[in-house]
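# Observations on the three-dimensional arrangement
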Amino acid sequence: MHIICDKQVLNDALSICLHAVSGKSMIEALEGVLITAGAKTVTITGYDMQMSIEKSFECQSIETGSCIINARIFFDIIRKMRGDEV
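These numbers were taken from a predicted model, which means no experiment stands behind them.

Cut-offs and rules
Residues numbered from 1 in each chain as written. Predicted model: local features only at pLDDT ≥ 70, side-chain atom pairs only at ≥ 80, totals over all residues. Heavy atoms only, no water. Helix = DSSP H or I, 4+ residues; strand = E, 2+ residues; numbered from the N terminus. Buried < 20%, exposed > 50% of the residue type's maximum accessible area, 1.4 Å probe, protein only. Contact = heavy atoms within 4.5 Å. Arc of directions from axis to C-beta. Lys, Arg positive; Asp, Glu negative; His and termini not counted. Salt bridge = Lys/Arg side-chain N within 4 Å of Asp/Glu carboxyl O. Pairing = 2+ DSSP bridges. Axes fitted to C-alpha atoms, helices over the stretch in contact; angles between N-to-C directions.

A separate point is the side chain of asparagine 11. Along the chain, asparagine 11 turns up in helix α1 (residues 7–17). By relative accessible area, asparagine 11 is classed as buried at 14%. Not counting residues up to four positions away in its chain, the partners in contact with asparagine 11 are Phe75, Ile78 and Arg79.

Attention now moves to helix α2 (residues 71–80). Taken as a whole, α2 has its buried residues at Ala71, Phe74, Phe75 and Ile78. Relative to the axis of α2, the buried residues are bounded by an arc of 100° and lie together on one face. Exposed side of α2, more than 90 degrees from the buried face: Ile73 and Lys80 are the residues found there. For α2, the secondary structure elements touched by its buried residues are α1, β2 (32–37) and β6 (65–70).

A word on the side chain of glutamate 31. Along the chain, glutamate 31 turns up in the loop between α1 and β2. As a buried residue without a salt bridge, glutamate 31 has its nearest oppositely charged side chain in lysine 24, at a separation of 5.8 Å.

The next point concerns the sheet that holds strand β4 (residues 52–58). The sheet built from four strands is open, its strands ordered β4-β3-β2-β6 with antiparallel pairing. Lying at the two open borders of the sheet, with one neighbouring strand each, are β4 and β6. With strand direction ignored, the average angle separating the axes of adjacent strands in the sheet is 20°. With seven bridges joining them, strand β3 (residues 41–47) and β4 adopt antiparallel strand pairing. Directly across from threonine 43, in β4, lies its bridge partner serine 56. Packing of α1 onto the sheet brings it into contact with β2, β3 and β4, and relative to β4 it is tilted by some 170°. Strand contacts of α2: β2 and β6, with the helix running at about 95° to β6, the strand carrying the most contacts.

On to the environment of leucine 34. Relative to the elements of secondary structure, leucine 34 occurs in strand β2. For leucine 34, a relative accessible area of 33% gives the class partly exposed. Spatially, the C-alpha atoms of leucine 34 and threonine 64 are 13 Å apart, while their sequence positions differ by 30 residues. Once residues within four sequence positions are removed from consideration, leucine 34 is found in contact with Thr43, Ile44, Thr45, Ser66, Cys67 and Ile68.

This is how it looks when you write it as structure tokens:
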């Protein structure tokens, strides 16, 4: 998966999806967000076994794919990055 998108759009989507991510869980995947990159859109999904929040936005997709990333760590990394694109 390889995408290029506006940092603020990604940050906003992550902050919304963080509301549905478990803080501490026996299942590590519940502490993360699912990021799915399609041809022209990215979908971020947060899930905690009771609630799910999904946010999609447009991006430049170089390579499609999906992965689960720890939500809190990823949000902190994106927030601290410099520049307008990530």
